[in-house]
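Residues per chain are reported as follows:
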Amino acid sequence: MIGTWQAMVIDCEDPDALAGFYEQLLGMVRIDNEPDWVSIGDAPDHPALAFQAVSPYVAPQWPGHVHPQQAHIDVKVADLDLAEEQVLHLGARATGEGTKTFRVYLDPQDHPFCLVSW
């Protein structure tokens, strides 16, 4: 092993707002809370999901390759229909893409993520 996982960092326009969305989606808490950098996780010594302000921010487009997704998060859920209702309430948008075991959404700043169930 060369090192340990510290964080997955997502570029965005508004780190505070996007971190709030993922805090509610994943049940995590704020670890770092700076104007241009917010990280959330289970505990300060565990890997984090971090949000970094970039300007100008260019949102990924799903699907597409002009502004590719570059990375996305899979969130495992027990019930896709119930979870869909909840993420839409948080501000996500459905893309209409998916199968019986996964569905693709866009977070409030247009990063794709999937709800998965199997």
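Residues numbered from 1 in each chain as written. Predicted model: local features only at pLDDT ≥ 70, side-chain atom pairs only at ≥ 80, totals over all residues. Heavy atoms only, no water.

An unreviewed UniProt entry lists the protein under the name VOC family protein, from Glutamicibacter mishrai.

Draft legend 1. Representation of the sheet that holds strand 7 (residues 102–106) in the model. Across the sheet, 4 strands lie side by side as 5-8-7-6; this open sheet has mixed pairing. Since the sheet does not close on itself, it has two edges, and those belong to strand 5 (73–76) and strand 6 (93–98), each with one partner. For this sheet, the mean angle separating the axes of adjacent strands, direction not counted, is 30°. Inspection of the sheet shows strand 7 paired to strand 8 (residues 112–116) by 5 bridges, in the antiparallel sense. Residue pairing in the sheet places Val 104 in a bridge with Cys 114 of strand 8. Sitting on the sheet, helix 2 (residues 80–90) is in contact with strand 6, strand 7 and strand 8, with an inclination near 5° to strand 7. (Pairing = 2+ DSSP bridges. Helix = DSSP H or I, 4+ residues; strand = E, 2+ residues; numbered from the N terminus. Axes fitted to C-alpha atoms, helices over the stretch in contact; angles between N-to-C directions. Contact = heavy atoms within 4.5 Å.)

Draft legend 2. Summary view of the pairing of strand 7. Across 3 bridges, strand 6 lies against strand 7 in antiparallel orientation. Paired with Ala 94 across the bridge in strand 7 is Tyr 105. The turn joining strand 6 and strand 7, which pair antiparallel and follow one another in sequence, is formed by 3 residues. Counted along the chain from strand 7 to the antiparallel partner strand 8, the turn is 5 residues long, and its residue Asp 110 has a positive phi close to 75°.

Draft legend 3. Quick peek at the environment of Gly 41. Checked against the element boundaries, Gly 41 lands in strand 3 (residues 37–41). A relative accessible area of 1% places Gly 41 in the buried class. Placed 14 residues apart in sequence, Gly 41 and Gly 27 show a C-alpha to C-alpha distance of 8.6 Å. Residue contacts for Gly 41: discarding those within four places in its chain leaves Met 28, Val 29, Ile 31 and Pro 47. (Buried < 20%, exposed > 50% of the residue type's maximum accessible area, 1.4 Å probe, protein only.)

Draft legend 4. View of unusual backbone geometry. For the bond from Ser 55 to Pro 56, the omega torsion is 0°, close enough to zero to count as cis. Structurally, the position occupied by Pro 56 is in the loop between strand 4 (48–53) and strand 5. For the peptide bond that leads from Trp 62 to Pro 63, omega is -20°, which places it in the cis range. Note on placement: Pro 63 falls in the loop between strand 4 and strand 5. Phi at Asp 110 takes a positive value of approximately 75°, unusual for a residue other than glycine. Tracing the chain through its elements places Asp 110 in the loop between strand 7 and strand 8. For Asp 110, a relative accessible area of 25% translates into the label partly exposed.

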